[in-house]
Amino acid sequence: AIVVSGEEAAQIDRLRYVLSQGVKEALVEKVRDWPGVHSGRAHLDGEGLKGYWFDRTKESAARRRGEAPDRLAYASEEEVVFSPLPCWSDRSDDWVRERVRELVKDIEREAAVERERKRITPLGAKAILTQHPHSKPKKTKRSAAPRFHAATKAARNGLREAYNLFVLAFREAAEKLSRGDRAARFPVGSFPPALPFVMPWA
């Protein structure tokens, strides 16, 4: 997880990045063409996105008991519930969907221009489905992921300062705890050593 600033531009940029998966790599021509899991159809058409969560702990325990459980014996169906970007939280569903459509059109138009420039054609859904799921690309990115996503230098610096203060507060509390102070106050959102997650105050 990478922190995204509260700036509208930064949030839209991250949504655009998510929606562009599959298209920007010239694997498919349209967002809706991707044959696997993708949030595009959910955002564009309101299509539900469901899947299974597998309780591997229970599966393992059953196998230790000598059982051979059915594939879905310890699975529960889950549905991904999408919320609008924080910067769009006061907008109507129709407004948000129209804005997403505009983003997708822009993504597909830019990808088409790039494919034309490179003289390549999309791999296509059928060809994608013939690939082994564990196959690896010939080239992979080696650059480190950014600590924050922000649209301006000021916002990025603010996030960096907040993170540094968080780390400082955590270390001070950890030092107190190591000296036996069980009342040491850890910052919100942290996992103290051998203590429960610190929830935000109501």
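Residues numbered from 1 in each chain as written. Predicted model: local features only at pLDDT ≥ 70, side-chain atom pairs only at ≥ 80, totals over all residues. Heavy atoms only, no water.

Draft legend 1. View of the nonpolar core. Residues Leu 15, Leu 19, Val 23, Trp 88, Val 100, Leu 103 and Val 104 are the most contacted members of the largest nonpolar core, which totals 17 residues. Among the elements of the structure, helix 1 (8–19) and helix 4 (93–118) are those that each provide at least two residues to this core. Per element, the largest residue contribution to this core is 6 residues, and it comes from helix 4. The contact partners of Val 104, leaving out residues within four places of it in the chain, are Leu 19, Val 31 and Leu 44. (Core = buried A, V, L, I, M, F, W, Y, C linked by side-chain atoms within 4.5 Å. Buried < 20%, exposed > 50% of the residue type's maximum accessible area, 1.4 Å probe, protein only. Helix = DSSP H or I, 4+ residues; strand = E, 2+ residues; numbered from the N terminus. Contact = heavy atoms within 4.5 Å.)

Draft legend 2. Broad picture of the packing of helix 1 against helix 4. Here helix 1 crosses helix 4 at 60 degrees, and the two axes come no closer than 10 Å. The pairing of helix 1 with helix 4 is recorded here as oblique in orientation. Both helix 1 and helix 4 take part in a crossing whose hand is right-handed. Across from Glu 8, Ile 12, Leu 15, Arg 16 and Leu 19 in helix 1, the residues of helix 4 making contact are Arg 99, Val 100, Leu 103, Val 104, Asp 106, Ile 107 and Glu 110. Among the residues making up the contact of helix 1 with helix 4, the classes are represented as 7 nonpolar, no polar and 5 charged. (Axes fitted to C-alpha atoms, helices over the stretch in contact; angles between N-to-C directions. Parallel < 35°, antiparallel > 145°, perpendicular 65-115°, else oblique. Left-handed = near helix turned anticlockwise from the far one by under 90°. Nonpolar A, V, L, I, M, F, W, Y, C, P; charged D, E, K, R; others polar.)

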